[in-house]
Amino acid sequence: MDVVEKLEILADAAKYDVACTSSGIDRAAKAGRLGDAQSAGCCHSFTPDGRCITLLKVLMTNCCVYDCAYCVNRRSNEVPRAAFTPRELADLTIAFYRRNYIEGLFLSSGVLQNPDHTTELMIQALTILREEYRFNGYIHAKAIPGTSPELIDALGHVCDRMSVNLELPSRPSLDLLAPQKTGQAIIGPMQRIRESIAEDKETRAATRRRMTYYPQAAPKKKARAFAPAGQSTQIIIGATPENDFQILTLSAALYSSLSLKRVFFSAYIPVSSDRRLPQAPAAQLDREHRLYQADWLMRFYQFDANELIDADTPYLDPLIDPKANWAVNHLDFFPVEVCTAPLEALLRVPGIGPKGARNIIKARKTGPLGETELRRLGIAFKRARYFITCAGTYYGSDVDFSTEALRAKLAARIDGGRHGSRQRKVIDGQLSLFDGLDASGASLPAGGAAGAAMEAQTAKARLAAGAAAAGGGVGCAAAGGAAAALGVSKLPEAQQPLAAMLDAAYQLARANKASALDALWRQPCTR
């Protein structure tokens, strides 16, 4: 099998790994080295000068000794198998870079023989890139669960970002769908990466301060920083019965306890038949999108997970975004006076982001702000006007200042069309780099009968959510309506006992004031 055939197989096999966006690190070009790294992004993102930065996203091999139910590369699947040698992968990366196809590498892998053997192959390939080719560009490497600490350390010194896929939101779910993996095999490397990053930063900071520092052994040469762009992880949603409340509280715990840079969510896509898995007709893209919005609010808007969602309404609202949902349920906080409100209050206003809030604070020093000034500052005034006053003037008087009226206004479709493929709510699967235009076009929204079917599906979801909310208030019925509107499928028989066990374990952990990480991934708490 030649390299091109391997590339087609292994690039296509890597498309389900979503933990791959901005690099988070700036590194300028150096004499004698090849490439640089921009913090503004590496996979379909843009640098400050407008360039689109792309990565070669590929697996070292799709051969795997594990048989995880949700994975397309599982051992029992009949799919074409391939594996790069370290030299082939390094040469291919440099060839693509020199042709200006890519500016970095995203490398993951199936488990060939065992985690340590696979990691050694990855280290060899990245070492060739860094030392032989002097490649200075961005590299994101996936650490294999169960890898020894020594190899984790070696891998971290030849890449910019590391990640270990958590895969599923709880250890019981992992036991059900991936029995060959253990919670400690996943959490252990994540803890090791966190400790190594902290130790490396502390050592370098001490060196910069010119403090006396005695290493255990004299370094032969200046060592590269350990994973300077940090670590991330990925969680599959929709394959197991965990709700949005459990997923978001787990994400918050991961950020606080493991110092993650990013938690990625991947809507479950049926790629193989297994009685343990829900056979959903399509990916829950709206649910994935709402989780990303909530995650963004926790990371950049100073929201806590418990402010956005709670155990009584365990699913995010499918009709309005989490920030707007918080606002309409806390009208006692509004309206906010933009000429005097602190940064923390401005960040709570729908339509005002971190940059806009800081621009408001700067601009109001020169004079009062009105609609014209706010629009010039980049504020989404059509949304914000219901929650702010400008020098005492309220601009949202066309809608009653009540939860029901504002929710209906914010949930209404904006005039002007379907607003892209997300209006379809779900898609049939992920696109492939090797699909033709005709094949990829088949999964895009269409007019005529397909468009009518799409509209009917959307209307049905909205009616289901509204009926549940009307009949059951904000309790379990409303949660059920939100779950139905998001496309949450009925649990398979094998997962029904798991859902009850997860809920009991989580409630017990909360009663003992334990974190979501303890509740879902470590030993259950005891009274």
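Everything that follows concerns the structure shown earlier in this document.
Residues numbered from 1 in each chain as written. Predicted model: local features only at pLDDT ≥ 70, side-chain atom pairs only at ≥ 80, totals over all residues. Heavy atoms only, no water.

Student: When you look at helix 3 (residues 115-132) in this model, what are you seeing that I'm missing?
Tutor: Count 3.6 residues to each turn of an α-helix, and residues three or four apart come out pointing the same way. For helix 3, built from 18 residues, the straight-helix expectation of 26 Å at 1.5 Å per residue is met to within 8% by its first-to-last C-alpha distance of 25 Å. As for helix 3, its buried residues are in contact with helix 2 (86-98), strand 4 (104-108), strand 5 (138-142) and helix 4 (149-156). Between a side-chain oxygen at the N-terminus of helix 3 and the backbone nitrogen of D116 the separation is 3.2 Å; the capping residue is N114. The first or second residue beyond helix 3 is R134, which carries a positive phi of 60°. (Helix = DSSP H or I, 4+ residues; strand = E, 2+ residues; numbered from the N terminus. Expected span 1.5 Å × (residues − 1). Contact = heavy atoms within 4.5 Å. Polar contact = N/O pair within 3.5 Å; in protein donor to acceptor, adjacent residues only side chain to side chain.)

Student: Any chance you could explain the packing of aromatic side chains here in plain terms?
Tutor: Geometrically, a pair of aromatic rings is defined through the distance of the ring centres and the angle of the planes. If you walk through the whole model with that rule in mind, you get 11 aromatic pairs. Their ring planes at 80° and their centres at 5.5 Å tell us that Y97 and F135 sit as a pair that is edge-to-face. With Y97 in helix 2 and F135 in the loop between helix 3 and strand 5, this pair connects stretches of sequence that are 38 residues apart. In this structure, Y97 and F135 share a single accessibility class: buried. Aromatic ring contacts, followed pair by pair, group F303, W326, F333, F334 and F387 into a single cluster. (Phe/Tyr/Trp six-rings, centres within 6.5 Å; stacked < 30°, edge-to-face > 60°. Buried < 20%, exposed > 50% of the residue type's maximum accessible area, 1.4 Å probe, protein only.)

Student: I'm lost on the nonpolar core in this one. Help?
Tutor: Across soluble globular proteins, nonpolar side chains have a tendency to be buried as a group. Counting residues in hydrophobic clusters, the biggest one holds 127 residues, and the most contacted among them are L126, L254 and F387. Of the residues forming this core, the biggest block, eight residues, is contributed by helix 7 (residues 244-258). Beyond its immediate sequence surroundings of up to four residues, L254 is in contact with L166, M190, T233, I235, S259, L260, V263 and L517. (Core = buried A, V, L, I, M, F, W, Y, C linked by side-chain atoms within 4.5 Å.)

Student: So what exactly am I meant to see when it comes to the side chain of S163 here?
Tutor: You can see S163 is positioned in strand 6 (residues 161-163). Among the residues examined, S163 registers a relative accessible area of 0% and is labelled buried. Engagement of the side chain of S163 in a polar contact is seen with the side chain of H140, the distance being 2.8 Å. Among the polar contacts made by the side chain of S163, one reaches the side chain of K142 at a distance of 3.1 Å. Setting aside its immediate chain neighbours within four residues, S163 contacts H140, A141, K142, A143, S232 and T233.

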